[in-house]
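Here's the letter readout for the chains.
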There are 2 protein chains.
Amino acid sequence: MALSYPQSLNDLIRELSRLPGVGAKSAQRMAFHLLGCKKGEAEALAEAISAARARIHACPECGNYTDGELCAVCTDNSRDRSLLCVIESARDIASMERSRSYNGLYHVLGGVISPMDGVTPDKLNIAPLMRRIETGAVREVVMATNPDVEGETTALYLAKKIKPYGVRVSRIAHGLPVGGDLEYADEATLSLALNGRKEL
Amino acid sequence: MALSYPQSLNDLIRELSRLPGVGAKSAQRMAFHLLGCKKGEAEALAEAISAARARIHACPECGNYTDGELCAVCTDNSRDRSLLCVIESARDIASMERSRSYNGLYHVLGGVISPMDGVTPDKLNIAPLMRRIETGAVREVVMATNPDVEGETTALYLAKKIKPYGVRVSRIAHGLPVGGDLEYADEATLSLALNGRKEL
């Protein structure tokens, strides 16, 4: 007596449940919503996903998400181009910007050094970072990797590599709760962390 | 200094936040997930949405979701075709089936009578229901509208219309918490409600 959904409905539920924070029940609810809503609304979501994947790519300069040649941060002439903030992933830029305490450029590492997960320094965007430093335009690098073991290791590793170039390397302060995640930090905490950054 | 996301990323976040139970923060998280995951995974979701909307339609007999001519319930010859269960929406069929206490056919009303919201009986699939009853094949109609004011009203309204045909009309028992919603009922409660149904 168990109900067999149409195949395409099963497919939709399965794909929706791959989204972060979506379980089987929520996926089912979303699928029924998508079947019941106006056709245009469902199509708009499908098209938004395709369009985002087709148009958005990593900024060749910093790794931020962009649909233009360079990203909105790199093309903003009001920003301090001698200040570079190193973050783990492009989504961390949104968190940093919300703190309204940083006016420099970014560099997305694409992860952190984690030998346990097979992530060695050569798997990260470290070579492009070193090229940016070699131009001599950078005065200070702010390490804003997450305040966990891998983030600290990566910050120390990069500090050692960058310091010989005579560039100041700082680390955002432990205003963030240790073991936390940049993505969930509130603006005030992130702001404190930026203002209290200390030299490595 | 506020960060401007690329337009197509903003579009994606906006469309995702229209899904039930998804707020601004979850939509952002999902959007970043869709940008960061394998391209095939994002495309699979977009295609699953389009395919579901293109292929799935209401069963012309009962209103259940189907991608064939008739739905899986209507084409199942092992089911009791003299028993008809009236529900508000197609998604309620899944809840009913999970209770494993019903082996008849369904009829989706597409809503409940609610003059406050402008839903009068002529806006619901009542005419097709009456045609099914006029064939004389139906022995009993189980009213499984939600146990709220509109659901009760609709059940009583239909009972009055159907009884003159000499068809037994029953109502699922108030085993469900009053004011609740069929979609969230657990299997055991729904099972009790089906077994304790009483004549109207």
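Throughout, residues of each chain are indexed from 1 in the direction in which the sequence is written. Whichever chain is written first is A, and whichever ligand is written first is 1; the rest continue in order. Given that this is a predicted model, residues contribute local features only at a pLDDT of at least 70 and side-chain atom pairs are listed and counted only at 80 or more, while totals for whole chains, interfaces and linings are drawn from all residues. The side-chain values count all of the structure's non-hydrogen atoms but skip hydrogen atoms and water molecules.

1. As for the overall build of chain A
Now for step 1: Here a helix means four or more residues in a row that DSSP labels H or I, a strand means two or more in a row labelled E, and each is numbered from the N terminus. A tally of regular secondary structure across chain A gives 7 helices and 7 strands.
Now for step 2: Order of helices (α) and strands (β) in chain A, N terminus to C terminus: α-α-α-β-β-β-α-β-α-β-α-β-α-β.
Now for step 3: We compute the radius of gyration over the C-alpha atoms and compare it with the globule rule, which gives 2.2 Å times the number of residues raised to the power 0.38. Here the C-alpha radius of gyration of chain A, 21 Å, is well above what a compact globule of 200 residues would show, namely 16 Å.
Now for step 4: Across its three principal directions, the C-alpha atoms of chain A cover 70 × 35 × 35 Å.
Now for step 5: The method behind every accessible area is Shrake-Rupley, applied with a 1.4 Å probe, and residues are considered shielded solely by the protein chains displayed. Of the roughly 9,100 Å² that chain A leaves accessible, carbon and sulfur atoms contribute 52%.
Now for step 6: Measuring between centres, the 24 positive side-chain charges of chain A sit 0 Å from its 25 negative side-chain charges. Charge counting treats Lys and Arg as positive and Asp and Glu as negative, with His and both chain ends excluded. In this description, the location of a charge corresponds to atom NZ of lysine, CZ of arginine, CG of aspartate or CD of glutamate.

2. Brief notes about the packing of aromatic side chains
Now for step 1: Two aromatic rings from Phe, Tyr or Trp, using only the six-membered ring of Trp, form a pair when their centres are within 6.5 Å; if the ring planes differ by under 30 degrees the pair is stacked, by over 60 it is edge-to-face, and anything between is tilted. Counted according to the given criterion, the structure contains 6 aromatic pairs over all chains.
Now for step 2: Relative to Tyr65(B), the ring of Phe32(A) has its centre 5.7 Å away and its plane inclined at 25°; by these criteria the two rings are stacked. Linking Phe32(A) in helix H2 (residues 24-36) with Tyr65(B) in strand E2 (residues 65-66), this pair reaches from one chain into another. Accessibility assignment for this pair places Phe32(A) and Tyr65(B) in one class, buried.
Now for step 3: Among the aromatic residues, ring-to-ring pairing joins Tyr5(A), Phe32(A) and Tyr65(B) into one connected group. Burial status follows relative accessibility: with a 1.4 Å probe on protein chains alone, a residue under 20% of its type maximum counts as buried, one over 50% as exposed, and anything between as partly exposed.

3. A closer look at the packing of helix H5 (residues 126-134) of chain A against helix H6 (residues 149-162) of chain A
Residue and element names in this part refer to chain A.
Now for step 1: In contact at an axis separation of 11 Å, H5 and H6 are set at 35° when each is read in the N-to-C sense. Remark: the crossing between H5 and H6 carries right-handed chirality. Judged by residue contacts, Ile 126, Leu 129, Met 130 and Ile 133 of H5 engage Tyr 157, Leu 158, Lys 161 and Ile 162 from H6.
Now for step 2: Each residue is assigned to one of three groups, with Ala, Val, Leu, Ile, Met, Phe, Trp, Tyr, Cys and Pro labelled nonpolar, Asp, Glu, Lys and Arg labelled charged, and all others, Gly among them, labelled polar. Classifying every residue of the contact of H5 with H6 by side-chain character gives 7 nonpolar, no polar and 1 charged. Every axis corresponds to a line fitted to the C-alpha atoms, with the helix fit spanning only the stretch in contact, and the corresponding angles, defined between N-to-C directions, vary from 0 to 180 degrees. Left-handed describes a crossing in which the near helix is turned anticlockwise from the far one by less than a right angle; the clockwise case is right-handed. In what follows, residue pairs with any heavy atoms lying within 4.5 Å of each other are defined as contacts.

4. Examining the nonpolar core
Now for step 1: Among buried residues, the Ala, Val, Leu, Ile, Met, Phe, Trp, Tyr and Cys ones that are joined through side-chain atoms within 4.5 Å form a nonpolar core. Ranked by size, the top nonpolar core spans 128 residues in total, and within it Ile162(A) and Ile162(B) carry the most contacts.
Now for step 2: Setting aside residues up to four positions removed in sequence, Ile162(B) forms contacts with Leu129(B), Met130(B), Ile133(B), Val141(B), Met143(B), Val167(B) and Val169(B).

5. With respect to the relation of the copies chain B and chain A
Now for step 1: What sets the superposition is a least-squares fit of C-alpha atoms, and only residues with pLDDT of at least 70 in both copies go into it. Rotating chain B by 180° about the axis while translating it 0.0 Å along that axis superimposes it on chain A, leaving an RMSD of 0.1 Å. In short, the pair behaves as if placed about a two-fold rotation axis. When C-alpha distances to the rotation axis are compared across chain B, the minimum falls at Ala46(B), with a value of 2.1 Å.
Now for step 2: Both copies share a contact surface, since 98% of the interface residues of chain B are interface residues in chain A too.

6. Some thoughts on the pairing of strand E3 (residues 80-87) of chain A
Residue and element names in this part refer to chain A.
Now for step 1: Of all the 8 residues making up E3, 6 are buried; the element is thus mostly covered by neighbouring parts of the structure.
Now for step 2: Only strands that DSSP links by at least two bridges are regarded as paired with each other. For E3 and strand E4 (residues 104-108), the ladder comprises 5 bridges, and the chain directions are parallel. Of the residues in E4, the one forming a bridge with Cys 85 is Tyr 106.
Now for step 3: By convention a crossover is right-handed if, when the strands point away from the viewer, the path from the first strand over the helix to the second runs clockwise. In terms of handedness, the path from E3 via helix H4 (residues 91-98) over to E4 forms a crossover that is right-handed.
Now for step 4: Note: E3 against strand E5 (residues 140-143), 4 bridges, orientation parallel. Across the sheet, residue Val 86 finds its bridge partner in E5, namely Met 143.

7. Quick notes on the interface of chain B and chain A
Now for step 1: Counting residues at the interface gives 62 residues for chain B and 61 residues for chain A.
Now for step 2: The buried area of a pairing is the accessible area, by a 1.4 Å probe, that goes missing from both parts when the two are put together, added over both. Carbon and sulfur atoms make up 66% of the area that chain B and chain A hide from each other, which totals about 5,600 Å².
Now for step 3: A pairing counts as a salt bridge when a side-chain nitrogen of Lys or Arg comes within 4 Å of a carboxyl oxygen of Asp or Glu. For the pair chain B and chain A, the number of links is 0 salt bridges.
Now for step 4: We call two N or O atoms a polar contact when they sit within 3.5 Å, provided that within protein one can donate a hydrogen and the other can accept it, with sequence-adjacent residues counted only if both atoms are side-chain atoms. Here chain B and chain A share 8 residue pairs in polar contact (both at pLDDT 80 or more) between them.
Now for step 5: Counting residues per element, the ones that place at least two in the side of chain B that touches chain A are helix H1 (7-16), helix H2 (24-36), helix H3 (39-55), E2 and helix H4 (91-98) of chain B.
Now for step 6: The element contributing the most residues to the side of chain B that touches chain A is H3(B), with 14 residues.
Now for step 7: When its residues are assigned to classes, the side of chain B that touches chain A shows 32 nonpolar, 12 polar and 18 charged.

8. Here we look at H3(B)
Now for step 1: Helix span, as expected, comes to 1.5 Å for every residue beyond the first. Here H3(B) contains 17 residues, and its C-alpha end-to-end distance of 24 Å stays within 8% of the 24 Å for a straight helix at 1.5 Å per residue.
Now for step 2: Of the positions making up H3(B), those classed as buried are Ala42(B), Leu45(B), Ala46(B), Ala48(B), Ile49(B), Ala51(B), Ala52(B) and Arg53(B).

9. As for the side chain of Asp92(A)
Residue and element names in this part refer to chain A.
Now for step 1: Structurally, Asp 92 is set in helix H4.
Now for step 2: Among buried charged residues, Asp 92 stands out as having no salt bridge; its nearest opposite-charge side chain is Arg 91, 6.1 Å away.
Now for step 3: Excluding anything up to four places from it in sequence, Asp 92 contacts Ile 87, Leu 182 and Glu 183.

10. Side note on helix H7 (residues 187-195) of chain A
Given 3.6 residues to a turn, an α-helix orients residues that are three or four positions apart in the same direction.
Now for step 1: Every buried residue of H7(A) is listed here: Thr189(A), Leu190(A), Ser191(A), Ala193(A) and Leu194(A).
Now for step 2: Elements in contact with the buried residues of H7(A): H4 and E5 of chain A.

11. Regarding the pattern of salt bridges
It is possible for side chains bearing opposite charge to pair when their charged atoms get close.
Now for step 1: Applying the stated criterion across every chain yields a total of 16 salt bridges over all chains.
Now for step 2: As a salt-bridge pair, Arg168(A) and Glu140(A) come within 3.3 Å of each other at their nearest N and O atoms. Remark: Glu140(A) occurs in strand E5 and Arg168(A) occurs in strand E6 (residues 168-171); sequence separation between them is 28 residues.
Now for step 3: What makes Arg168(A) partly exposed here is its relative accessible area of 36%.
Now for step 4: Overall, the relative accessible area of 2% leaves Glu140(A) in the buried class.
Now for step 5: Note that Glu15(B) is salt-bridged to Arg14(B), the shortest N-O span being 3.1 Å.
Now for step 6: Given the relative accessible area of 6%, Glu15(B) is considered buried.
Now for step 7: Via salt bridges that share partners, Asp11(A), Arg14(A), Glu15(A) and Arg18(A) belong to a single interconnected network.

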